[in-house]
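# Working through the structure, step by step
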Amino acid sequence: MEYEKIILELLMRVKTLEERVEELSNQSSVPAKKQPGTADIREYIEAQKNIAKEKGFSFLVLKANDIHKEMNLKSRMPAVCNAMKQCMNPGDIIVHETASGFSSTYEIKYRI
């Protein structure tokens, strides 16, 4: 048997595996993309209100589920509802609210 050839082949395989492990460990150290927080959602709502104002609307009705979908969020309904409440001004009306206050059907009519 050619032990030297077998040992060299095994060493090459080990080296290849070590390189692959290093590549994979470098990839896993990349931080996961963080979901938008309440502040980001408030910015989105304020932007929507500004767009409505530019178009000459007197009011804007926003629904929590629509914001959640538009922003491509996952399991962030409480943050969306909180942001919606925080963006309210005098004269704004809660059109639909549930007992929990954090429903996808939560809806506010913002006066522009």
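Because the structure is a prediction, the values reported are computed rather than measured.

The terminal C-alpha atoms of helix α2 (residues 38–54), which comprises 17 residues, lie 24 Å apart, in line with the 24 Å expected from a rise of 1.5 Å per residue. Buried within α2 we find I41, Y44, I45, K49 and A52. With its buried residues spanning 135° around the axis, α2 presents them on a single face. Every exposed residue of α2 that faces more than 90 degrees away from the buried side is listed here: E43, K53 and E54. Buried residues belonging to α2 abut β1 (59–63), α3 (64–70), α4 (77–86) and β3 (107–111).

Right, let's talk about the pattern of salt bridges for a bit. Counted under the stated rule, the structure contains 3 salt bridges. Across the pair E23 and R20 runs a salt bridge whose closest N-O atoms are separated by 3.1 Å. A residue pair is termed a helical-turn pair when its members lie 3 or 4 positions apart in one helix, as E23 and R20 do in helix α1 (residues 3–28) at 3 residues. Residue classification places E23 among the partly exposed residues on the basis of a relative accessible area of 43%. Among the residues examined, R20 registers a relative accessible area of 42% and is labelled partly exposed.

In this structure, I41, I45, I67 and M84 are the most contacted members of the largest nonpolar core, which totals 20 residues. Secondary-structure elements contributing two or more residues to this core are α2, β1, α3, α4 and β3. I67 has contacts with I41, Y44, I45, L62, V80 and M84, leaving out every residue within four places of it along the chain.

A full pass over the atoms with the stated rule returns 0 aromatic pairs. Above the face of the F102 ring, K85 is positioned so that its terminal group lies 4.6 Å from the ring centre. Over the ring of F59 we find K109; its NZ or CZ atom is 4.2 Å from the centre of that ring.

In this fold, H68 is placed in helix α3. For H68, the side chain forms a polar contact with the main-chain nitrogen of R76, separated by 3.0 Å. If sequence neighbours within four positions are ignored, H68 has contacts with L73, K74, S75, R76, M77 and V80.

The phi angle at N72 is positive, at roughly 60°, despite the residue not being glycine. Examined against the element boundaries, N72 turns out to sit in the loop between α3 and α4. Residue S75 is not a glycine yet carries a positive backbone phi of 55°. Considering the arrangement of structural elements, one finds S75 in the loop between α3 and α4. S75 gets classed as exposed once you look at its relative accessible area, which sits at 73%.

Each value, and the rule that gives it
- Residues numbered from 1 in each chain as written.
- Predicted model: local features only at pLDDT ≥ 70, side-chain atom pairs only at ≥ 80, totals over all residues.
- Heavy atoms only, no water.
- Helix = DSSP H or I, 4+ residues; strand = E, 2+ residues; numbered from the N terminus.
- Expected span 1.5 Å × (residues − 1).
- Buried < 20%, exposed > 50% of the residue type's maximum accessible area, 1.4 Å probe, protein only.
- Arc of directions from axis to C-beta.
- Contact = heavy atoms within 4.5 Å.
- Salt bridge = Lys/Arg side-chain N within 4 Å of Asp/Glu carboxyl O.
- Core = buried A, V, L, I, M, F, W, Y, C linked by side-chain atoms within 4.5 Å.
- Phe/Tyr/Trp six-rings, centres within 6.5 Å; stacked < 30°, edge-to-face > 60°.
- Lys NZ or Arg CZ within 6 Å of the ring centre and 35° of its normal.
- Polar contact = N/O pair within 3.5 Å; in protein donor to acceptor, adjacent residues only side chain to side chain.

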